[in-house]
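A closer look at the structure
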Amino acid sequence: MQGFKEGILMGYTPGFFVVLFFVIINIIGFISCGVDKYKAKRGLWRIPERIFFWLAFMGGAPGVYFGLLLFHHKTRHKKFMVGIPMIFIFQVLGLILFYLYGFD
C-alpha cells in the first residue's frame, strides 16, 4: 500500500481536502432538500428536520439554504429561513476571526 506522501494523493494540500469536504457536504444538503420535498409531496417517510440543521452546522448551510429556496421547501418555517442563514453567518465570522487571530 502506498503511503500518503508517495501515493495518488501526492500533490494535494490539506486545504484541497477541506474544500472538497465543504463541496460534498453542500451537495448533500442541497440534494437532501430535494429528496425531502419529493417525499413530502407523496406522503412518504421524511428526512428529520434535525438532519438539515446538522448538515448546516457541518458546513453545508449554503447548500441547504439554496435547496430550501429552489425546491420551495420549508420556506414557511422561520427556524429554517432564519436559522440556516444565521448558522452560515456565524461560521463565516468564525473563519474571519480564526484568520485574523489564529490560535495564538
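Structure: above.
Notes on the structure follow. Note that the coordinates shown come from a computational prediction; the quantities given were computed from them, not determined experimentally.

1. What about the packing of aromatic side chains?
- Inspection of the entire model under this criterion finds 8 aromatic pairs.
- Judged by centre distance (5.3 Å) and plane angle (45°), the rings of phenylalanine 30 and phenylalanine 71 are tilted. In this pair, phenylalanine 30 is assigned in helix 1 (residues 14-42) and phenylalanine 71 in the loop between helix 2 (49-70) and helix 3 (78-81), connecting sequence segments 41 residues apart.
- Taking relative accessible area as the criterion, phenylalanine 71 reaches 27% and is therefore assigned partly exposed.
- Taken together, the ring pairs connect Tyr12, Phe16 and Phe17 into an aromatic cluster.

2. Quick notes on the pattern of salt bridges
- Following the criterion strictly, the structure yields 3 salt bridges and no others.
- One continuous salt-bridge network, built from bridges that share partners, spans Glu49, Lys74 and Lys79.

3. Some words on helix 1
- With 29 residues, helix 1 should cover 42 Å at 1.5 Å per step; its first-to-last C-alpha distance of 42 Å lies within 8% of that length.
- Within helix 1, burial applies to Ile25, Asn26, Gly29, Ser32, Cys33, Gly34, Asp36 and Lys39.
- At the exit of helix 1 stands glycine 43, carrying a positive phi of roughly 70°.

4. Regarding unusual backbone geometry
- Phi is positive for histidine 72, which is not a glycine, with a value near 50°.
- Structurally, the position occupied by histidine 72 is in the loop between helix 2 and helix 3.
- Look at lysine 74: it is not a glycine, yet its phi comes out positive at around 60°.
- Inspection of the secondary structure puts lysine 74 in the loop between helix 2 and helix 3.

5. Comments concerning the side chain of aspartate 36
- Assignment of secondary structure puts aspartate 36 in helix 1.
- Residue classification places aspartate 36 among the buried residues on the basis of a relative accessible area of 0%.
- A distance of 3.1 Å separates a polar atom in the side chain of aspartate 36 from a polar atom in the side chain of arginine 46.
- Beyond its immediate chain neighbours, meaning those up to four positions away, aspartate 36 contacts Arg46, Ile47, Phe52, His73 and Lys74.

6. Looking at helix 4 (residues 83-101)
- Between its first and last C-alpha, helix 4 extends 27 Å over 19 residues, near the 27 Å set by a 1.5 Å rise per residue.
- Turning to helix 4, its buried residues are Gly83, Ile84 and Ile87. Taken down its axis, helix 4 places every buried residue within 100° of arc, on the same side. Opposite the buried face of helix 4, at more than 90 degrees from it, the exposed residues are Tyr99 and Leu100.
- Against helix 2 and helix 3 lie the buried residues of helix 4.

Cut-offs applied
Residues numbered from 1 in each chain as written. Predicted model: local features only at pLDDT ≥ 70, side-chain atom pairs only at ≥ 80, totals over all residues. Heavy atoms only, no water. Phe/Tyr/Trp six-rings, centres within 6.5 Å; stacked < 30°, edge-to-face > 60°. Helix = DSSP H or I, 4+ residues; strand = E, 2+ residues; numbered from the N terminus. Buried < 20%, exposed > 50% of the residue type's maximum accessible area, 1.4 Å probe, protein only. Salt bridge = Lys/Arg side-chain N within 4 Å of Asp/Glu carboxyl O. Expected span 1.5 Å × (residues − 1). Polar contact = N/O pair within 3.5 Å; in protein donor to acceptor, adjacent residues only side chain to side chain. Contact = heavy atoms within 4.5 Å. Arc of directions from axis to C-beta.

Remember that the coordinates give geometry; whether it matters functionally is a separate question.
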